[in-house]
Amino acid sequence: MSVRPDVMTESVVDRPAPKRPYLKGRWMDLGERVRPLQGLLRWRSFQFLAILPNLFLFYFFILAALWGTPVGNRNIMIVFVWILWWFILITLWVPLAGRLWCTMCPIPALGEWLQRLRLVTVRFASKAKGFKNVLFGLNRKWPRALDNIWLQNLLFLTLATFSALLVTRPIVSAFVLGGMIVLALGLALVFRHRVFCRYLCPVSGFLGLYAMTSSVALRSRDWDVCVRCPTKGCMLGSENGWGCPWMVYMGKLDRSNYCGLCFECLKSCPNDNIGLFVRPFGVTETRILHLDEAYKAFIMLVLAAVYSVTLLGPWGTFKDWANVTETGDWRGFLAYAALVWGACLVAFPAMYGLLVKVSQWASRWRGRRVLVPASASANGAGEPDFRTLFLRFSYPLVPLGLLAWIAFSLPLFFVNGSYIVSVLSDPLGWGWDLLGTAHVPWKPLIPEWVPVLQAGVLLGGLAVALRTGWAIAWELWRDPRRARWGLAPMAGLWLMVTVGFLWLFTG
Amino acid sequence: MRWKDGLKEGVALATLLLVFVGLPWALRAYENGQVRRLATGRPVFTVYANAAFGTWTTTPLVGWTYFWRKPEPAHIQVRAGQPFVLRITAVDVHHSFGIPQLGIGPYDVEPGRFLKLELKVDEPGLYTFMCYTVCGRHHEKMMGTLEVVGEGQ
Ligand code: SF4
Ligand code: SF4
Ligand code: SF4
Ligand SMILES: [Cu+2]
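Residues numbered from 1 in each chain as written. Chains lettered and ligands numbered in written order. Predicted model: local features only at pLDDT ≥ 70, side-chain atom pairs only at ≥ 80, totals over all residues. Heavy atoms only, no water.

All names here are of chain A. Among the secondary structure elements, Thr-213 is positioned in the loop between α11 (202-211) and β2 (216-220). Within polar-contact distance, the side chain of Thr-213 engages the backbone oxygen of Tyr-210 at 2.8 Å. Every residue in contact with Thr-213, bar those within four places of it in the chain, is listed here: Arg-279, Phe-281, Gly-282, Val-283, Tyr-395, Val-398, Pro-399 and Leu-402. (Helix = DSSP H or I, 4+ residues; strand = E, 2+ residues; numbered from the N terminus. Polar contact = N/O pair within 3.5 Å; in protein donor to acceptor, adjacent residues only side chain to side chain. Contact = heavy atoms within 4.5 Å.)

Quick look at the structure:
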């Protein structure tokens, strides 16, 4: 291989162990183990080919929603998106592969292709400074004040409030999905990169949050190589790949939240310094850094509870409030919306804050007679402040919430799964029978096992939360007694949340 | 752009266009084929049962029209002795279809499913079809007419 001038020529072999501060537990560099995989991910047409079938399906779903039956469980839009896709996403994609959905998601694709004026190849302009790819459009920068996921949180809450409509009316789903595609396209022409994905997509917020726990993560193989890398191709682009559409700099990345796994940096890094790593599920090393992310964790957990109550729980009134189109009870719906928003944005965070206060106080009180080692206070482990505690202790809600969502989704899938089989043969409710399965009767699958599965998943979530919580408490206080007392109030809440879900699911 | 890149882009773009044009075309073509096969030369009428308005209607009620289109009560006209086909579906809840004067039905009409009836009426006249399942507030109103026109009329 000829060496281009912008490539570092140092041999990788005689360097010391690579610097990977994010690698604490057991990790494996999948691309190094399985070379063909690295090759596949570096193949320029890979993402296009991953998106294409999904674009085809989304287009099909939207057509089905427009032309097909308005009956939700006989229309492929509802059955495939809200029963099948949702289930696969939450139970497999996110826990195992993080944002892998974003690799193949068709929603931002049209905008991105228009921005690039390319589908598979790269446009390269060897400018001395800045981005090395030419993007079509106004190329504006996203406002700093919105460089967070608050908008995503609000959009997600809005959609979640109307979820009863969204998941039963094909046309509503079509407008929401279509609207997302149009919005992504419009924004792609005004702003540089995938700002829709990064800042607005309602799915993105929870994908990013829950991807933190996931088994798969894309990272720079060696931060030292990045430090000395002159081109920063991963971020700025090169002749082989676009600059990161998610505005992520690989050379410092140690969390999975905002890398959309588009695998451009694998192509654009001239030093082959990007690896796809796998690790066991439920890492403890990662952390929530900002309040918007903590709120995302609260919102997701509260919504899992709200949906469990409205869809599986015993209280009819609350259920009726949520289903405004069937009951026409707008007052009830307003009450429902206010309750949901209040619980997500005020009540739960306030309660959490209070418990963090208790935790802070308990750890101090029990630690009074303990001499804090000088080394511990010197490296900042002495007295964590409220903000630090609050953010650090919000992370265990991520595995807890993800597994609560999985537990909640299990009955939906197993109860409604037979619709998938019949809708396959008659996707638009037009009376077709493509595969001879159109008249398979509705039948819940393994109903007697679902509560058992749910209980297992919930307890697994609690276990991961406690393990993570302990790792965090230990890191914060470096003293077993203080850590135990500091963790206790939080652990109590996680336990109560789990018991609450168990009670909802198993009656 | 190198010619090889251009070729790749061209193939990708062609695939996209094919998908965008081909899919709706294929759906329509398949549906038309289904209806033609069912019809075998006979006239086919599609009837939608709607509980919200309490109507049988031939106004197409599909995903995007269901919410705003006011369905007209069905009025189906056939010639006496002429075989014809009714395709009946429900757009919301369970209904059942029958024409009491002709001793037809009641048959179940399930939401998102199609009931196919092959009929022939020899006696000219005005027949009323109705719903036999209490399907909502407007259930009583659920009536449509089948007008059978005699020879020379
Ligand atoms: S962030 Fe949203 S729109 Fe963007 S790729 Fe992911 S799921 Fe799709
Ligand atoms: S990952 Fe980015 S910064 Fe690191 S070596 Fe590659 S191009 Fe350079
Ligand atoms: S860091 Fe950026 S370029 Fe690399 S895979 Fe993630 S989103 Fe794509
Ligand atoms: Cu009826």
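Attention now moves to the coordination of the copper ion (ligand 4). Residues and elements named next belong to chain B. Looking at the metal site, the copper ion (ligand 4) is ligated by His-95 (ND1), Cys-131 (SG), Cys-135 (SG) and Met-142 (SD), spaced 2.0 to 2.5 Å from it. Around the copper ion (ligand 4), the four donor atoms sit at angles spanning 92 to 125°, and that spread fits a shape best called tetrahedral. Read N to C, the donor residues that coordinate the copper ion (ligand 4) are spaced as H-x35-C-x3-C-x6-M. With Cys-131 in strand β8 (residues 125-131) and Met-142 in the loop between β8 and β9 (143-149), this pair connects stretches of sequence that are eleven residues apart. Residue Cys-131 shares its accessibility class with Met-142, and that shared class is buried. (Donors = N, O, S within 2.8 Å, 3.2 Å for Na, K, Ca; no water. Tetrahedral: all angles 85-135°; square planar, octahedral: opposite > 155°, others 65-115°. Buried < 20%, exposed > 50% of the residue type's maximum accessible area, 1.4 Å probe, protein only.)

What follows concerns the domain arrangement of chain A. All names here are of chain A. Per the domain assignment, the segments making up chain A are domain 1 (12-278) and domain 2 (343-506). Here the C-alpha centroids of domain 1 and domain 2 sit 25 Å apart. On the side of domain 2, 24 residues touch domain 1, which itself brings 25 residues to the contact. In this structure, the connection of domain 1 to domain 2 is made through zero salt bridges. Between the two partners, domain 1 and domain 2, sit six residue pairs in polar contact (both at pLDDT 80 or more). Where the side of domain 1 that touches domain 2 is concerned, the elements lending two or more residues are α3 (46-67), α4 (76-97) and α11. Looking at the side of domain 1 that touches domain 2, the element that brings in the most residues is α4, giving eleven residues. Grouping the amino acids of the side of domain 1 that touches domain 2 by side-chain chemistry returns 18 nonpolar, six polar and one charged. (Domains from an automatic or database assignment. Salt bridge = Lys/Arg side-chain N within 4 Å of Asp/Glu carboxyl O. Nonpolar A, V, L, I, M, F, W, Y, C, P; charged D, E, K, R; others polar.)

Counting residues in hydrophobic clusters, the biggest one holds 143 residues, and the most contacted among them are Phe206(A), Leu218(A), Tyr352(A), Phe393(A), Trp405(A) and Trp494(A). The dominant element in this core, judged by the number of residues it contributes, is helix α21 (residues 397-425) of chain A, at 16 residues. With residues up to four places along the chain from it excluded, the contact list for Phe393(A) reads Tyr352(A), Ser359(A), Gly469(A), Ile472(A), Ala473(A), Leu476(A), Trp477(A), Gly486(A), Leu487(A), Met490(A) and Trp494(A). Listed in part, the 28 residues of the second largest apolar core include Val78(B), Ile88(B), Val121(B) and Met142(B). (Core = buried A, V, L, I, M, F, W, Y, C linked by side-chain atoms within 4.5 Å.)

In total, this model carries 46 aromatic pairs over all chains according to the counting rule given. Aromatic side chains Trp56(B) and Phe129(B) sit 6.2 Å apart centroid to centroid with 70° between the ring planes, which places their arrangement in the edge-to-face category. Note that Trp56(B) is positioned in strand β2 (residues 55-57) and Phe129(B) in strand β8, a separation of 73 residues in sequence. A single burial state applies to Trp56(B) and to Phe129(B), both of which are buried. Put simply, the rings of Trp86(A), Phe156(A), Phe206(A), Tyr210(A), Tyr307(A), Trp405(A) and Phe408(A) touch in pairs and so form one group of aromatic residues. (Phe/Tyr/Trp six-rings, centres within 6.5 Å; stacked < 30°, edge-to-face > 60°.)

Let us now look at the domain arrangement of chain B. Often, the extent of an interface is quoted as the loss of accessible area upon association of its parts. All names here are of chain B. Domain boundaries assigned for chain B yield domain 1 (1-40) and domain 2 (42-149). Of the residues lining the interface, five residues belong to domain 1; the matching set on domain 2 comes to six residues. With both sides pooled, the region where domain 1 packs onto domain 2 buries about 480 Å², and carbon together with sulfur makes up 58% of that total. The tally of links between domain 1 and domain 2 comes to one salt bridge. Salt-bridge contacts for Arg-87 lead to Glu-31; the nearest nitrogen and oxygen are separated by 3.3 Å. Remark: the boundary between domain 1 and domain 2 carries four residue pairs in polar contact (both at pLDDT 80 or more). Of the residues in the side of domain 1 that touches domain 2, the class split is three nonpolar, one polar and one charged. (Buried area = accessible area lost by both parts, 1.4 Å probe.)

Let us look at the confidence of the model for chain A. All names here are of chain A. Per-chain confidence: chain A averages 89 in pLDDT, with 92% of residues scoring 70 or above. Mean pLDDT values over the elements of chain A span from 48, in helix α19 (residues 374-378), up to 97, in α3. Below pLDDT 50 for its whole length, residues 1-12 participates in 15 contacts with residues either more than four positions away or in separate chains. Segment residues 377-381: pLDDT under 50, and seven contacts once partners within four positions in sequence are set aside and those in other chains are kept. (pLDDT = per-residue confidence, 0-100.)

Between chain A and chain B, the residue contacts involve 33 residues of the former and 32 residues of the latter. Of the roughly 3,000 Å² buried where chain A meets chain B, counting both sides, 70% is carbon and sulfur surface. Along the contact surface separating chain A from chain B lie zero salt bridges. At the level of secondary structure, the elements contributing two or more residues to the side of chain A that touches chain B comprise α3 and α6 (109-116) of chain A.

Moving on to the layout of surface pockets. Residue and element names in this part refer to chain A. By volume, the second largest pocket is sized at about 820 Å³. The wall of the second largest pocket is formed by 30 residues, among which Asp-147, Arg-198, Tyr-199, Met-247 and Val-248 lie closest to the centre. Of all elements in the fold, only α10 (195-200) and α15 (291-312) reach the threshold of two or more residues within the lining of the second largest pocket. Among the elements that take part in the lining of the second largest pocket, α10 stands out by supplying three residues, more than any other. By residue class, the composition of the lining of the second largest pocket is 14 nonpolar, five polar and eleven charged. (1 Å grid on protein atoms, 1.4 Å probe; cavity = no way out; pocket = protein on both sides within 12 Å on 5 of 7 lines; lining within 4 Å. Points joined across faces, edges and corners; volume = space filled by probe spheres on them.)

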